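# Working through the structure, step by step
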Amino acid sequence: MTTSPSLAASDLSGYFEDPCARTDPELHALIAGECDRQSHSVELVASENFVSRAVLDAQGSIFCNKTVTGAPGARFHAGADFADALERLAMARACEAFGCSFANVQPHSGIQANLAVFRALLQPGDKTLALAGDAGGHFSHGAASNLSGMMISAHFYGTDREGLIDYDALAAQALELRPKLIVTGGAAYPRAIDFARLRGIADSVGALLMADIAHIAGLVAASVHPDPFPHCDVVTTTTYKSLRGARGGIILTNAPEIARALEKATSPGVQGSPLLHAVAGKAACLGEVLKPEFRDYGRRVLENARALAAALSAGGTDVLCGGTDTPLVIADLRRRGLHGQPLVESLDRANITCNRSEIPHDATDPALTSGLRLGVSAMTTRGLGTAEMETIAGWIGQLLDLHQTGADTGAAEAAINADSRALMAKFPLYAAMTSTTNTKGAA
């Protein structure tokens, strides 16, 4: 029998000590490039934000080495004492932040959180009623393109001509359909949700009520948006967007029987081991949410969103629902005769990133759309205020005007690109990290 010789500590020093800049310059160059892009871009993609350095440290911590399966105190793998304490810390902080009694912090994403809820609460073929995709709903609420659409019998409610949920029509639809679960929230609904009224509709037909608050979670935690509890049976959210934390999902409830079902539905139901480094990032983010300054952040997000919406409207661009109660502003391009995707590409060349959005009751190809979805969570984190939102709205309006007349946009895109970079230079991002990634070679 042959044996492998042990390695001396000096033989392993490179593996445990050498940074990416030295061991993998190709990868390091990509990281440095993305760091530079984020530093200089006007980031209006609504699903993005900038985490604190503390969250980055937690996300990149040694917890990435540990595997666990199961709930704290009942793991399949040994050596889980610190993992259990970590997950319990994240759970406790989530419960405190959202005023509930149970939190599952294991989901890898908001979509997997939604799938876990469906697996926990529904049987194949059970009826659900959720906000339609073209009205601002999310595809993980039963769309045919998503696994959720194969798990349930999904039905959808819409909005009125102004883009607002028609609660009377929803009540009538629920009475006819008798769904087992009503879902609210989504990806592009910019107005406050009347959770109490939805609770009444759900009770009238014996349905459970679920809220997906992925885009408004930070505003809910900051007490500047209506609270889904105590009205909802279960709440899901991502932990980034307006919560500005590590990328992942959580599930919240006050019902013990739902909590127990969710544990099994999450793992092994829709995923395996939680990503403990992500749970560490979630714990760090939720700890920040509990600090008084986070309420000020939520207030500033709402102020910035409303300032952006008002400035766009003043410049001749319609805003869906006439405004916003969320971090989202949906620009309605129908009256201008423009499509969303070409504008996304033009704005990107001008150093402003966003995405296209469907508009209710619009027949435009979903690959083009008649709307733009703009989010202010990330720019608020960077420190931009209402004056900067008005400036950004002016840049957007300038490009929209040129596209509407069919004029060439190249010169304007280049000028706005330069101006927007100058603006963002006043709001540094990870200053030490940016300097390091841009100056260190692969020595």
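To be clear, the structure that these remarks concern was listed above.
Treat the numbers as computed from the prediction; the structure is a model and nothing was measured. (Residues numbered from 1 in each chain as written. Predicted model: local features only at pLDDT ≥ 70, side-chain atom pairs only at ≥ 80, totals over all residues. Heavy atoms only, no water.)

## Focus on the overall build of the protein chain
In terms of helices and strands, the protein chain carries 18 helices and 13 strands. Compactness check: the protein chain gives a C-alpha radius of gyration of 23 Å against a globular reference of 22 Å for 443 residues, within 12% of the reference. Structurally, the protein chain occupies a C-alpha span of about 75 × 60 × 45 Å along its principal axes. For the protein chain, buried positions account for 52% of its 443 residues. For the protein chain, the share of sequence-separated contacts (at least 6 apart) that also reach a separation of at least 24 residues comes to 73%. Carbon and sulfur atoms provide 54% of the accessible area of the protein chain, an area that totals close to 19,000 Å². A gap of 4 Å separates the mean positions of the 36 positive and 46 negative side-chain charges of the protein chain. (Helix = DSSP H or I, 4+ residues; strand = E, 2+ residues; numbered from the N terminus. Rg over C-alpha atoms; globule rule 2.2 N^0.38 Å. Buried < 20%, exposed > 50% of the residue type's maximum accessible area, 1.4 Å probe, protein only. Contact = heavy atoms within 4.5 Å. Areas by Shrake-Rupley, 256 points an atom, 1.4 Å probe, with all protein chains shown as cover. Lys, Arg positive; Asp, Glu negative; His and termini not counted. Charge placed at Lys NZ, Arg CZ, Asp CG, Glu CD.)

## Details of the packing of aromatic side chains
One pass over the full model with this rule turns up 2 aromatic pairs. A ring pair is formed by tyrosine 15 and phenylalanine 16, whose centres lie 5.1 Å apart and whose planes are at 90°; its orientation type is edge-to-face. Phenylalanine 16 matches tyrosine 15 in its accessibility class, with the two residues each being exposed. Relative to tyrosine 297, the ring of phenylalanine 294 has its centre 5.5 Å away and its plane inclined at 50°; by these criteria the two rings are tilted. Within this pair, phenylalanine 294 and its partner tyrosine 297 are both found in helix 13 (residues 292-314), separated by 3 residues, close to a single helical turn. Neither phenylalanine 294 nor tyrosine 297 differs from the other in exposure class; each is buried. Sitting over the ring of tyrosine 297, arginine 244 keeps its end group 3.8 Å from the ring centre. Looking at arginine 382, its charged tip hangs above the ring of phenylalanine 50, at a distance of 5.2 Å from the centre. (Phe/Tyr/Trp six-rings, centres within 6.5 Å; stacked < 30°, edge-to-face > 60°. Lys NZ or Arg CZ within 6 Å of the ring centre and 35° of its normal.)

## Some details on the environment of methionine 210
Within the element layout of this structure, methionine 210 appears in strand 6 (residues 208-212). Assessed through its relative accessible area of 0%, methionine 210 is described here as buried. With 187 residues separating them along the chain, methionine 210 and threonine 23 place their C-alpha atoms 47 Å apart. Among residues more than four places away in sequence, those in contact with methionine 210 are Asn114, Val117, Phe118, Leu181, Ile182, Val183, Thr184, Val234 and Thr236.

## Quick notes on the sheet that holds strand 4 (residues 153-157)
Read across the sheet, 7 strands follow the order 2-8-7-6-5-3-4 without closing on themselves; strand pairing throughout is mixed. Each edge of the sheet is formed by a strand with only one pairing partner; in this case those strands are strand 2 (102-104) and strand 4. Strand-to-strand twist in this sheet, taken as the mean axis angle between neighbours without regard to direction, amounts to 20°. In terms of strand pairing, strand 5 (residues 181-184) meets strand 6 through 4 bridges, oriented parallel. The partner of valine 183 across the bridge, within strand 6, is methionine 210. (Pairing = 2+ DSSP bridges. Axes fitted to C-alpha atoms, helices over the stretch in contact; angles between N-to-C directions.)

## Regarding the side chain of serine 420
Counting through the fold element by element, serine 420 comes out in helix 17 (residues 410-424). Using a relative accessible area of 0% as the deciding quantity, one classes serine 420 as buried. For serine 420, the side chain forms a polar contact with the main-chain oxygen of asparagine 417, separated by 3.0 Å. Among all residues touching serine 420, those that are not within four sequence positions of it are His40, Val42, Ala350, Asn351 and Trp395. (Polar contact = N/O pair within 3.5 Å; in protein donor to acceptor, adjacent residues only side chain to side chain.)

## A few points about unusual backbone geometry
With an omega of 15°, the peptide bond running from phenylalanine 229 to proline 230 counts as cis. Tracing the chain through its elements places proline 230 in the loop between helix 10 (217-221) and strand 7 (234-238). The step from serine 267 to proline 268 runs through a cis peptide bond, and the omega angle for that step is 15°. Along the chain, proline 268 falls in the loop between helix 11 (256-266) and helix 12 (276-289). The phi torsion at arginine 178 lies on the positive side, around 55°, for a residue other than glycine. Note on placement: arginine 178 falls in the loop between helix 8 (167-177) and strand 5. On the basis of relative accessible area, arginine 178 is assigned to the partly exposed category, the value being 47%.

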